Amino acid sequence: MLIPLDEPGLGRLLEAAVADADPVEVMPPVAGPGGWTEARREAFLAFHRRRSLDPDTAIETTWVIEVDGAAAGAARLRPVSGQAALEVEAGVWLGRSVRGRGIGRRVAEVLLEAARDGGAARFVATTTVDNAAARRLLSDAGAELNVHGVDVDAQLEL
Ligand SMILES: CC(C)(COP(=O)(O)OP(=O)(O)OC[C@H]1O[C@@H](n2cnc3c(N)ncnc32)[C@H](O)[C@@H]1OP(=O)(O)O)[C@@H](O)C(=O)NCCC(=O)NCCS
């Protein structure tokens, strides 16, 4: 269900994002008119190439989440420097049509396992107070949640 991102996978991921998610849910903000403009599509591709695919600039591992054989979202793990010897930051998004079916919960389990297997000592993630599903997933995994305004920081010792 989690397929390591590659260039063909990135094309399929963009198609899934455009068809089934809002830009703000899947990538950092890009100035300009709303929706999936050409500039946002290019920024989405550049974001993943820079952060995952280009060996000279890669800082994280990204997977395409496949549901029924089709790209349906992305999951990522980024080692960060912190007080913990090895801290990893996680992120996930799913297309609207597959949310609320327990897929996020299964992906979170796989990410936690991958973080442990990679020798991480701490797992961190950020969400927002209005994201009930993400907060539920993180607290059920045993993470400590701290609210700062609209943001929620989660951390879990592995
Ligand atoms: C956050 C996200 C990854 C969760 O994945 P998901 O597959 O929708 O979540 P699940 O179906 O596994 O549900 C996880 C838990 O949240 C609950 N939940 C799901 N949707 C919910 C909603 N809209 N409101 C309240 N609770 C919700 C589920 O009931 C479940 O808890 P339970 O097992 O105790 O019943 C997904 O909704 C998503 O991609 N959202 C948009 C992008 C995003 O917000 N990413 C996360 C940023 S940190």
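Residues numbered from 1 in each chain as written. Predicted model: local features only at pLDDT ≥ 70, side-chain atom pairs only at ≥ 80, totals over all residues. Heavy atoms only, no water.

Draft legend 1. Structural context of the overall build of the chain. Of regular secondary structure, the chain possesses five helices and seven strands. Reading the secondary structure of the chain in the N-to-C direction produces β-α-α-α-β-β-β-α-β-α-β-β. Computed over the C-alpha atoms, the radius of gyration of the chain is 15 Å, within 12% of the 15 Å expected from 2.2 N^0.38 for a compact globule of 158 residues. Taken over the C-alpha atoms alone, the chain extends approximately 40 × 35 × 35 Å along its principal axes. Going through the 158 residues of the chain one by one, you find that 41% of them count as buried. In the chain, once contacts between residues fewer than 6 apart in sequence are set aside, the share between residues at least 24 apart is 52%. As displayed, the chain has an accessible area near 8,600 Å², and 52% of this comes from carbon and sulfur atoms. Side chains of the chain give 17 positive and 24 negative charges; the mean places of these two sets differ by 4 Å. (Helix = DSSP H or I, 4+ residues; strand = E, 2+ residues; numbered from the N terminus. Rg over C-alpha atoms; globule rule 2.2 N^0.38 Å. Buried < 20%, exposed > 50% of the residue type's maximum accessible area, 1.4 Å probe, protein only. Contact = heavy atoms within 4.5 Å. Areas by Shrake-Rupley, 256 points an atom, 1.4 Å probe, with all protein chains shown as cover. Lys, Arg positive; Asp, Glu negative; His and termini not counted. Charge placed at Lys NZ, Arg CZ, Asp CG, Glu CD.)

Draft legend 2. Structural context of unusual backbone geometry. Within the chain, Asp 68 stands out as a residue other than glycine whose phi angle is a positive 50°. Relative to the helices and strands, Asp 68 resides in the loop between β2 (61-67) and β3 (70-80).

Draft legend 3. Quick look at the site of the ligand. Neighbouring the ligand are 19 residues; Leu 94, Gly 102, Gly 104, Arg 105 and Asn 131 lie closest to it. Between the ligand and the protein, one listed contact pairs an oxygen atom with a backbone N or O atom of Leu 94 at 2.7 Å. Note that an oxygen atom of the ligand is positioned 2.8 Å from one of the backbone N or O atoms of Gly 100. When atom positions are compared with the pocket grids, the ligand is found to occupy the largest pocket. Listed by contribution, the elements that provide at least two residues to the shell around the ligand are β4 (87-94), α4 (103-117), β5 (122-128) and α5 (132-140). By residue number, the principal contributor to the shell around the ligand is α5, which donates six residues. Grouping the constituent residues of the shell around the ligand by class yields eight nonpolar, six polar and five charged. (Near = heavy atom within 4 Å. Polar contact = N/O pair within 3.5 Å; in protein donor to acceptor, adjacent residues only side chain to side chain. 1 Å grid on protein atoms, 1.4 Å probe; cavity = no way out; pocket = protein on both sides within 12 Å on 5 of 7 lines; lining within 4 Å. Sits in = over half its atoms within 2 Å of the grid points. Nonpolar A, V, L, I, M, F, W, Y, C, P; charged D, E, K, R; others polar.)

Draft legend 4. Region of interest: the layout of surface pockets. The computed volume of the largest pocket comes to approximately 1,300 Å³. In terms of lining residues, the largest pocket is bounded by 41 residues, among which Val 92, Trp 93, Thr 127, Asn 131 and Ala 134 are the most central. When residues of the lining of the largest pocket are traced back to their parent elements, those giving at least two are α2 (23-26), α3 (38-53), β3, β4, α4, β5 and α5. Taken together, the residues that form the lining of the largest pocket break down as 23 nonpolar, ten polar and eight charged. (Points joined across faces, edges and corners; volume = space filled by probe spheres on them.)

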